[in-house]
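A closer look at the structure
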Amino acid sequence: MAYGDGGIQEVKRKDGSSYAPKKWRVCITSGVDPISGRRMRKTRTVRGSKADARRARDELRREIEGGPVSDAEKLTFGEFAHEWIAAREASGELAEQTLLGYATQSRVLCEIMGHVELRGVSVRVVESALAAVKAKRGITNTTLRHYYTFIDQVMKAALARDLIARNPCDRMKPPRLDPVERRSLTQEEGVLLLAALDAAEAEEKRAVAIREARAEARGAAEGRVRIAGLGALGRFQAVRIGIATGMRLGEVCALKWDAVDLESGRIFVVRSITRSGAFKAPKSRAGVRTVSLDSSTVSHLRRWKREQAALLSRMGMEQKEATAVCCSEVGGYLRIENVSHWWRKWSDGEGFEGLCFHELRHTQATQLLARGVDVKTVQARLGHSAASLTLDLYAHAMPENDREAADLIGEVFSEKSPNLAESRGFKVLRTA
């Protein structure tokens, strides 16, 4: 049988008898899988006469052949994926990091299935491609899920443009997500981290003071373009603010002094900074928020503001409302990747191996929830779009609350209930 001729076979019961009406399986061989090299078949089961089965076979063949092939129908997955990414970038709706992720996923997938025509992307092609990505890159299932989502979004766009008849991802299960392990500091670890931060910051301030005294003695204290150690002090402030507020690193690095109200002890989170140094709005409307500061952090920031102003003046710079709170050695904004690199090295050296900056945010949430702070308050501080998201991420942080709930329900049904039951004529067994 040649490709596309099709076959019709009657499907019978286990005892060999026919269904009423008869049941037929129609099969069309549509070609060879471009990745695995195996034959691809499309099948359909119909009820009725053999003439009905022939009509179903012809309809299935027409779906596969689709009539004359246009240039648009010859589009490959790789060609359309590049067009789709370009359109998404031009829309301005996506974050820089999302676009970078798309670029990586597109590059990897196009090496495997970029030559496949859009109309030829089947469930088998997608499954084969994902298996190849996982084997080639040794990634987790969670990361593999991102590749699946990329294919799904590209194929959805192709479907919306009538370039394909159906999205193969609609007929398959996405890769299962790996369990998420969210590390957070215990109370004792948090105290130790702040103590290490205080000591390191004090040591850096002494080093800066010594260098500045020497520069002044040489007559070179004024008119410079950078202050050695100013960036290090700025990074220490970023960590302190991260611990105190649970803000994202991009939000902390984007802070300027007009967003810090030291009189009322509040920070106004209105923007974030990307890895390229561009400013953007927070991830959601809930990300625009006001976060209160504790008195110790307020006192520390007051002192830092005075010290920063004095150091900036040595470069001929005036501290303004638009000045970065956590500044670099030249008085500008810190770069996220530089802070992340420094943080990994510094925290490892202080005995907090592998602690990510984002886990300071996890620490804020877990510590507050474990101490009975209501979910809505924690949600507001973190800038989550919904309390359900906060609960999904940090429900594990409330074991004590669960124990209290168990004890409470035990009291409800053991203290007052016996009297109520006896008053209604029930015999209640009491324990000694």
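Anything mentioned here points back to the structure above.
Being a predicted model, the structure only gives us computed values, none of them experimental. (Residues numbered from 1 in each chain as written. Predicted model: local features only at pLDDT ≥ 70, side-chain atom pairs only at ≥ 80, totals over all residues. Heavy atoms only, no water.)

1. Looking at the packing of aromatic side chains
Note the cut-off: Note on aromatic contacts: the rings of Phe and Tyr and the six-membered ring of Trp form a pair at centre separations within 6.5 Å, being stacked when their planes are under 30 degrees apart, edge-to-face when over 60 apart, and tilted otherwise. The way it works is that DSSP assigns letters per residue, a run of H or I at least four long becomes a helix, a run of E at least two long becomes a strand, and they are numbered from the N terminus. Relative accessible area decides the class of each residue, using a 1.4 Å probe on protein chains only: under 20% of the type maximum gives buried, over 50% gives exposed, and in between gives partly exposed. Note on criteria: charge over ring means Lys NZ or Arg CZ within 6 Å of the ring centre, with the direction from the centre no more than 35 degrees off the ring normal.
Counted according to the given criterion, the structure contains ten aromatic pairs. Aromatic pair phenylalanine 236 and tryptophan 342: ring centres 5.6 Å apart, planes at 80°, arrangement edge-to-face. Of this pair, phenylalanine 236 sits in helix H7 (residues 230–245) while tryptophan 342 sits in helix H10 (residues 336–349), and the two are 106 residues apart along the sequence. For the pair phenylalanine 236 and tryptophan 342, a shared accessibility class is recorded, and that class is buried. Aromatic pair phenylalanine 279 and tyrosine 333: ring centres 5.1 Å apart, planes at 75°, arrangement edge-to-face. One end of the pair, phenylalanine 279, is in strand E7 (residues 279–280); the other, tyrosine 333, is in the loop between helix H9 (295–313) and H10, with 54 residues separating them in the sequence. Through pairs of rings, three or more aromatic residues link up here, namely Phe236, Trp342, Trp343, Trp346 and Phe357. The positively charged end of lysine 23 is found above the aromatic ring belonging to tyrosine 19, 4.9 Å away from the centroid. Note that arginine 271 overlies the ring of phenylalanine 279, its terminal NZ or CZ placed 3.8 Å from the centroid.

2. Looking at the pairing of strand E8 (residues 289–292)
Rules: One requirement defines pairing of two strands: DSSP has to find at least two bridges between them.
Here E8 shows a clear split, with Arg289 and Val291 buried on one side and none of Thr290 and Ser292 buried on the other. Direction of pairing for strand E5 (residues 266–269) relative to E8: antiparallel, over a ladder of four bridges. Within the sheet, the bridge partner assigned to phenylalanine 268 lies in E8 and is threonine 290.

3. A few points about the sheet that holds E8
Pairing within the open sheet is antiparallel, and its three strands lie in the order E4-E5-E8. The open sheet terminates on both sides in strands that have one partner only, identified here as strand E4 (260–261) and E8. In terms of strand pairing, E4 meets E5 through two bridges, oriented antiparallel. The residue of E5 that forms the bridge with aspartate 261 is arginine 266.

4. What to know about the packing of helix H2 (residues 77–91) against helix H5 (residues 141–160)
What counts here: An axis is simply a line fitted to the C-alpha atoms; with a helix, the fit covers only the stretch in contact. Between two such axes, the angle follows the N-to-C directions and lies from 0 to 180 degrees. Angle categories: roughly parallel below 35 degrees, roughly antiparallel above 145, roughly perpendicular from 65 to 115, and oblique for all the rest. Here, two residues are considered to be in contact whenever any of their heavy atoms come within 4.5 Å of each other. For this classification, Asp, Glu, Lys and Arg are treated as charged, while Ala, Val, Leu, Ile, Met, Phe, Trp, Tyr, Cys and Pro are nonpolar and the rest, including Gly, are polar.
Between H2 and H5, the least distance of the axes is 10 Å, while the angle of their chain directions is 90°. As far as their axial angle goes, H5 and H2 are roughly perpendicular. In contact with Phe77, Phe80, Ala81, Trp84 and Ile85 of H2, H5 contributes Phe150, Ile151, Gln153, Val154, Met155, Ala157 and Ala158. Here the contact of H2 with H5 is built from residues that sort into eleven nonpolar, one polar and no charged.

5. So, the nonpolar core
A general feature of soluble globular proteins is that nonpolar side chains tend to end up buried together. Definition in use: By nonpolar core is meant a set of buried Ala, Val, Leu, Ile, Met, Phe, Trp, Tyr and Cys residues that side-chain atoms within 4.5 Å join together.
Ranked by size, the top nonpolar core spans 48 residues in total, and within it Ile241, Trp343 and Trp346 carry the most contacts. When contributions to this core are tallied by element, the ones reaching two or more residues are helix H6 (187–217), H7, helix H8 (249–253), E5, H9 and H10. Sorting elements by how many residues they give to this core places H7 first, with six residues. With residues near it in sequence (within four places) discarded, tryptophan 346 still touches Leu193, Ala196, Leu197, Ala200 and Phe236. Counting residues in hydrophobic clusters, the runner-up holds 35 residues, among them Met113, Val116, Ile151 and Leu163.

6. Overview of the pattern of salt bridges
Just so we agree on the cut-off: The rule for a salt bridge is simple: a side-chain nitrogen of Lys or Arg has to be within 4 Å of a carboxyl oxygen of Asp or Glu.
Following the criterion strictly, the structure yields 17 salt bridges and no others. Among the ionic pairs, glutamate 203 bridges to arginine 206, the shortest N-O distance being 2.7 Å. Residue glutamate 203 and its partner arginine 206 are both found in helix H6; the two are separated by three residues, about one turn of the helix. Classification of glutamate 203 by relative accessible area gives partly exposed; the value is 44%. Residue glutamate 212 is joined to arginine 224 by a salt bridge in which the shortest nitrogen-to-oxygen separation is 2.4 Å. Placement of glutamate 212 in helix H6 and of arginine 224 in the loop between H6 and H7 is noted, with a sequence separation of twelve residues between them. The exposure class of arginine 224 is partly exposed, given its relative accessible area of 21%.

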